[in-house]
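Examining the three-dimensional arrangement
Each chain, letter by letter, is given below.
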Amino acid sequence: MGLAASQGRLLLLTARKSDLELQAQTISQDRLLLSIQQETIATEYSEAVNNQVYQIKLDGQNDWQAMSISALNEFYGNGPNDFSGANYRVWDTRKGKAVNLQSISQIDGDSDTPDSTLQRMLTSGLWLIQTVDRDSDGNTITDSTGKTSFTSISISGQSSFRQQYYTEDDAAAKARYDSAMARVQRLDKQLELKLNQVETQHKAVETEVESVDKIISNNIESSFKYFS
């Protein structure tokens, strides 16, 4: 192989080598993204199987039930949307006003899952349950403007309330987890095989580059000897 032909071959091999290195880098980045997806899937699964729900035990009953708007109404008596005679209300700490549970009920129904608006907002602490203040005679206490006075309660400090793990969605969460992880692992395996192929080709190109580079060096050395 002549010097010009060797140099041309070396340029083609160098370009091929750079292309393979770029492919390897891209594949590695794709595998990194899949690794991040695996962490996300694992986190979502952990959250799904560790989610909790507030429960309430109504007077005269031994069984606990998930806290819902209807359960609160039954527990406290007068509903919170009749503010003139309500025994309790749900207070929105962000807006600084009572929550219209009737409108929430129209949106969520009487949902008692961890995803219900009532459960989510109570868990986050953005909503608080407040009970009406009464004097020793049971009369409603009002402030100077005549508004009913309410006090926030601590759910954890009430014997009729508790927080328990919600397990009804665990099977579905496990199915989603297994399906998502299997898909990610399958894609990662495909990328791993592709990366191995690219690395094998890259090694072969490197070997040929060394060979052509040696041929060029020998041609140059021969030329100098010839003209010396």
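Residues numbered from 1 in each chain as written. Predicted model: local features only at pLDDT ≥ 70, side-chain atom pairs only at ≥ 80, totals over all residues. Heavy atoms only, no water.

**A word on the overall build of the protein**
Defined as follows: Per the convention used, a helix needs a DSSP run of H or I reaching at least four residues, while a strand needs a run of E reaching at least two, with both numbered from the N terminus. Type-normalised accessible area, obtained with a 1.4 Å probe on protein chains alone, sets the label of each residue: buried when under 20%, exposed when over 50%, and partly exposed for intermediate values. What makes two residues a contact is simply this: any of their non-hydrogen atoms within 4.5 Å. All accessible areas in this document rest on Shrake-Rupley with a 1.4 Å probe, and a residue is counted as covered only by the protein chains that are shown.
For the protein, the count of helices and strands is 5 helices and 7 strands. Across the protein, helices and strands are ordered from the amino to the carboxyl terminus as α-β-β-α-β-β-α-α-β-β-β-α. By the burial criterion, 28% of the 228 residues in the protein qualify as buried. Nonlocal contacts in the protein, meaning residues at least 24 apart in sequence, comprise 62% of its contacts between residues at least 6 apart. Surface summary for the protein: the accessible area is close to 14,400 Å², and the carbon and sulfur share equals 49%.

**Considering the pairing of strand E3 (residues 88–92)**
Sheet faces and side chains relate simply in a regular strand, where the side chains alternate between the two faces. What counts here: Two strands pair under a simple rule: DSSP has to find at least two bridges between them.
The buried count for E3 comes to 4 of 5 residues, which makes it a mostly enclosed element. Here 5 bridges tie E3 to strand E5 (residues 127–132), and the two strands are oriented antiparallel to one another. Note on E5: the bridge partner recorded for Asp-92 is Trp-127. In this sheet, strand E4 (residues 97–98) lies alongside E3 in antiparallel orientation, the contact comprising 2 bridges. In the sheet register, Asp-92 faces E4, and the bridge partner there is Lys-97. Between E3 and the antiparallel strand that follows it, E4, lie 4 residues; Gly-96 among them carries a positive phi value of about 65 degrees.

**Let's talk about the sheet that holds strand E7 (residues 161–165)**
The antiparallel open sheet is built from 3 strands, whose spatial order is E2-E1-E7. Single-partner strands in this sheet number two, and they are strand E2 (65–66) and E7. In this structure, strand E1 (residues 52–56) lies alongside E2, joined through 2 bridges in antiparallel fashion. By the bridge assignment for E2, Gln-55 is matched with Ala-66.

**A short note on the sheet that holds E4**
Ordered by their spatial adjacency, 4 strands build an open sheet running E4-E3-E5-E6, and the pairing between neighbours is antiparallel. The open sheet has two free edges, formed respectively by E4 and strand E6 (150–152), since each of these has just one partner strand. The sheet contact formed by E5 and E6 spans 3 bridges and is antiparallel. In the sheet register, Thr-131 faces E6, and the bridge partner there is Thr-151.

**Digging into the packing of aromatic side chains**
Keep this limit in mind: Think of it this way: a Phe, Tyr or Trp ring, Trp meaning its six-membered ring, pairs with another when their centres are within 6.5 Å, and the plane angle makes it stacked under 30 degrees, edge-to-face over 60, tilted otherwise.
Applying the stated rule across the entire model yields 4 aromatic pairs. The interplanar angle of 65 degrees and the centroid separation of 5.4 Å between the aromatic rings of Phe-75 and Phe-161 together place this pair among those described as edge-to-face. With Phe-75 in helix H2 (residues 69–76) and Phe-161 in strand E7, the pair connects residues that are 86 residues apart, well separated along the chain. Here Phe-75 matches Phe-161 in class, with each residue buried.

**Section: the pattern of salt bridges**
Between side chains of opposite charge, a pair can form when the charged atoms approach closely. Defined as follows: Criterion for a salt bridge: a side-chain nitrogen of Lys or Arg within 4 Å of a carboxyl oxygen of Asp or Glu.
Under the definition given, this model contains 6 salt bridges. A salt bridge links Asp-178 to Lys-174, with the shortest nitrogen-to-oxygen separation between them at 2.8 Å. Taken together, the positions of Asp-178 and Lys-174, both in helix H5 (residues 170–227) and 4 residues apart, correspond to about one turn of that helix. In this structure Asp-178 comes out as partly exposed when scored by relative accessible area, which is 36%. Across the pair Glu-192 and Lys-189 runs a salt bridge whose closest N-O atoms are separated by 3.7 Å. With Glu-192 and Lys-189 both in helix H5 and 3 residues apart, the pair spans about one turn of that helix.

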